[in-house]
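Letter by letter, the chains look like this.
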Number of protein chains: 2
Amino acid sequence: MLTNIRILLVATTHPGNIGAVARAMKNMGLTDLGLVTPKIFPSDDADARAAGAEDILRNAQVFESLDDALADRQLIIGASARLRRVAWPQLTPKQCAVKVVDTPHLKTAILFGRERTGLSNEELERCHYLLHIPCNQAFSSLNVAAAVQVVAYELFQAALASDSNSPESVSDEEMANGEEMESFHEHLLETLYGIGFLHERKSSPTLIRRLRRIFNRSGLEKTDIHILRGILATIQKKTGQHLTPSNGCD
Amino acid sequence: MLTNIRILLVATTHPGNIGAVARAMKNMGLTDLGLVTPKIFPSDDADARAAGAEDILRNAQVFESLDDALADRQLIIGASARLRRVAWPQLTPKQCAVKVVDTPHLKTAILFGRERTGLSNEELERCHYLLHIPCNQAFSSLNVAAAVQVVAYELFQAALASDSNSPESVSDEEMANGEEMESFHEHLLETLYGIGFLHERKSSPTLIRRLRRIFNRSGLEKTDIHILRGILATIQKKTGQHLTPSNGCD
């Protein structure tokens with residue numbers, strides 16, 4: 001039930017934290033660890049803190065970019081300590097766990113950022129949901145392994161609970177993955193620049209972020225992307241925009 | 001509400017774990033740390049892992065025996081990884097949190113044992129309740145700071161929940177209403193017919209239904225509608241469609 005969940009650590013600085021994450025994951029029945037540009041890995045410190053979960057470290061995938069790590073992911077959730085100005089759909093650990101466990105067929109990634117600075121705004125905008133662990137607002141920075149422990153704990157509890165009353169929900173359609181969402185967003189922006197709705201200099205990042213949010217929230221399926229890109233291609237054609245092959249609706 | 005709760009570490013070996021416990025506590029609004037015969041304390045390792053929660057370490061009480069540490073405690077709960085042969089009343093972290101938060105007047109201690117061996121049977125028998133964190137039975141030994149993090153997290157959530165009317169996040173934006181959604185959908189269809197993506201006769205109702213679903217699922221706010229209709233108006237203008245006043249983006 002938890003096999004489609006990848007815990008994704010972005011640019012982790014201290015290898016000890018990677019080991020502690022592996023231990024927290026194995027304690028809660030998670031096995032898929034991804035590392036995006038870790039500063040030091042593999043490492044003896046990581047092994048020491050894994051304390052019996054070295055198999056998780058041996059099987060961890062290291063990615064050279066977040067794009068690579070998300071390419072095949074269909075549900076993307078990012079942990080964030082701060083509450084953002086542009087409200088992004090936000091989940092508590094428990095809500096996150098229920099959502100993830102309710103959709104076991106989706107290839108899911110849960111992102112945890114750098115020790116000091118977390119995930120960047122750009123990285124958070126790749127997410128369908130933000131995950132916020134309610135805590136003391138005067139001291140809100142959890143250690144990354146502690147944050148993973150809380151989320152993994154809730155995932156395990158949710159899996160336990162749904163084991164007792166679960167006819168597995170069958171989804172008929174396949175969700176778009178991270179790569180398809182990115183291509184769509186690029187195509188959308190290109191079209192909006194092309195028709196003059198957006199202007200390279202004048203348009204505010206907030207507007208662009210909002211557009212991204214509208215479609216991220218919608219939980220687009222592959223067929224939806226196909227339709228939306230068909231619309232964009234038609235607009236480009238009708239307004240005389242040059243169509244590059246990659247933007248076509250294929 | 002959480003002030004009467006003492007986290008009590010028994011015979012901890014690694015000072016780094018004590019620091020990590022302090023951080024986990026402060027993150028979740030706990031302040032009272034007790035240490036029964038710690039192997040090494042105070043320590044630079046503890047300070048380093050506390051990462052901003054050194055005040056918890058400075059104020060920690062060190063006890064020479066469990067008796068001393070429990071002398072004034074009215075409710076005693078002991079964390080245990082194993083399920084015991086002699087059944088003791090047992091709580092999940094959530095049940096424990098609800099119980100503790102429901103009795104804020106009781107001086108409470110929650111005990112966490114040694115890294116390798118946990119609490120002895122004798123120590124567990126001092127407890128009113130045992131606390132067991134459900135986890136992967138094939139790898140059930142949580143790091144002590146990770147265990148404290150889970151329990152502290154549940155305590156904080158229970159305290160939040162019992163703080164009856166304090167919603168953490170206030171949604172500042174107003175959702176679009178049914179009328180606005182309908183006008184948007186009409187505007188969308190008109191535009192898609194205008195650019196020839198839809199054809200009065202040929203387009204299937206399924207396609208139109210899908211388009212509606214994409215935007216309905218997204219939970220659009222008034223501002224989102226405003227932006228989307230701005231895009232539609234721009235497309236109509238660029239493709240020479242006649243703009244009726246009702247379709248404008250106002």
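Please read all numbers here as calculations on a predicted model, not as lab measurements.

Thresholds applied
Residues numbered from 1 in each chain as written. Chains lettered and ligands numbered in written order. Predicted model: local features only at pLDDT ≥ 70, side-chain atom pairs only at ≥ 80, totals over all residues. Helix = DSSP H or I, 4+ residues; strand = E, 2+ residues; numbered from the N terminus. Buried ≥ 20, exposed ≤ 12 C-beta atoms within 10 Å, placed from the backbone. Contact = placed C-beta atoms within 7 Å. Core = buried A, V, L, I, M, F, W, Y, C linked by C-beta atoms within 7 Å. Expected span 1.5 Å × (residues − 1). Arc of directions from axis to C-beta. Domains from an automatic or database assignment. Nonpolar A, V, L, I, M, F, W, Y, C, P; charged D, E, K, R; others polar. Pairing = 2+ DSSP bridges. Axes fitted to C-alpha atoms, helices over the stretch in contact; angles between N-to-C directions. Right-handed = clockwise from strand over helix to strand, strands pointing away.

### Topic: the overall build of chain A
Here is step 1: Counting its secondary structure elements, chain A contains ten helices and seven strands.
Here is step 2: In terms of principal-axis extent, the alpha carbons of chain A reach across some 60 × 45 × 35 Å.
Here is step 3: For chain A, buried positions account for 47% of its 250 residues.
Here is step 4: Of all intrachain contacts in chain A linking residues separated by at least 6 positions in sequence, the fraction that spans at least 24 positions is 83%.

### A few points about the nonpolar core
Here is step 1: Core analysis: the biggest nonpolar cluster contains 151 residues, and Val21(A), Met25(A), Leu155(A), Val21(B), Met25(B) and Leu155(B) have the highest contact counts within it.
Here is step 2: Excluding its chain neighbours within four sequence positions, the residues that come into contact with Val21(B) are Ile7(B), Leu9(B), Leu33(B), Val144(B), Ala145(B) and Val148(B).

### Structural notes on helix α8 (residues 178-194) of chain B
Residue and element names in this part refer to chain B.
Here is step 1: Its 17 residues give α8 an end-to-end C-alpha distance of 24 Å, which sits within 8% of 24 Å, the value for a rise of 1.5 Å per residue.
Here is step 2: Of the positions making up α8, those classed as buried are Phe-184, His-187, Leu-188, Thr-191 and Leu-192. In an axial view of α8, the angular spread of the buried residues amounts to 130°, which keeps them on one side of the axis. Away from its buried face, by an angle of more than 90 degrees, α8 presents the exposed residues Gly-178, Glu-179, Glu-182 and Glu-186.

### Quick notes on the domain arrangement of chain A
Residue and element names in this part refer to chain A.
Here is step 1: When cut into domains, chain A gives domain 1 (5-164) and domain 2 (178-247).
Here is step 2: Placing a centre on the C-alpha atoms of domain 1 and another on those of domain 2 gives a separation of 29 Å.
Here is step 3: Taken together, the contact between domain 1 and domain 2 spans ten residues of the former and nine residues of the latter.
Here is step 4: Taken together, the residues of the side of domain 1 that touches domain 2 break down into six nonpolar, one polar and three charged.

### Focus on the sheet that holds strand β5 (residues 90-91) of chain B
Residues and elements named next belong to chain B.
Here is step 1: The strand order across the open sheet formed by seven strands is β3-β2-β1-β6-β4-β7-β5, and the pairing between neighbours is parallel. Looking at which strands have only one partner, the edges of the open sheet turn out to be β3 (61-63) and β5.
Here is step 2: Against the sheet, helix α7 (residues 144-162) contacts β1 (5-10), β4 (75-79), β6 (108-112) and β7 (129-131), and its axis sits at roughly 150° relative to β6.

### Re the interface of chain B and chain A
Here is step 1: With 47 residues of chain B in contact, the opposing surface of chain A contributes 46 residues.
Here is step 2: Counted by class, the side of chain B that touches chain A contains 23 nonpolar, 16 polar and eight charged residues.

### Here's the deal with helix α1 (residues 15-27) of chain B
Residue and element names in this part refer to chain B.
Here is step 1: Compared with an ideal rise of 1.5 Å per residue, which puts 13 residues at 18 Å, α1 spans 19 Å between its outermost C-alpha atoms and is within 8% of the ideal.
Here is step 2: By the criterion of burial, α1 is predominantly enclosed, with 13 of the 13 residues buried.
Here is step 3: Residue Gly-29 follows α1 closely and has a positive phi angle near 80°.

### Side note on unusual backbone geometry
All names here are of chain A.
Here is step 1: In the segment running from Phe-41 into Pro-42, the intervening peptide bond is cis, with an omega of -5°.
Here is step 2: Even without being a glycine, Thr-37 presents a positive backbone phi close to 35°.
Here is step 3: Checked against the element boundaries, Thr-37 lands in the loop between β2 (32-36) and α2 (44-50).

### Considering the sheet that holds strand β6 (residues 108-112) of chain A
Here is step 1: One open sheet accounts for seven strands, arranged β3-β2-β1-β6-β4-β7-β5 (chain A); its pairing is parallel. The open sheet terminates on both sides in strands that have one partner only, identified here as β3 (61-63) and β5 (90-91) of chain A.

### Remarks on the environment of Ser218(A)
Here is step 1: With respect to the helices and strands, Ser218(A) occurs in the loop between α9 (205-217) and α10 (222-238).
Here is step 2: On a C-alpha basis, the gap between Ser218(A) and His128(A) in space is 8.6 Å, while along the polypeptide they are 90 residues apart.

### Some thoughts on the pairing of strand β2 (residues 32-36) of chain B
All names here are of chain B.
Here is step 1: Counting buried positions along β2 yields four of five residues, so the element is predominantly enclosed.
Here is step 2: Of the strand pairs in this sheet, β1 and β2 are connected by five bridges, and their pairing is parallel. In the sheet register, Val-10 faces β2, and the bridge partner there is Val-36.
Here is step 3: Once you follow β1 into α1 and on to β2, the crossover reads as right-handed.
Here is step 4: Pairing between β2 and β3: three bridges, direction parallel. Within β3, the position partnered with Gly-34 by the bridge is Gln-61.

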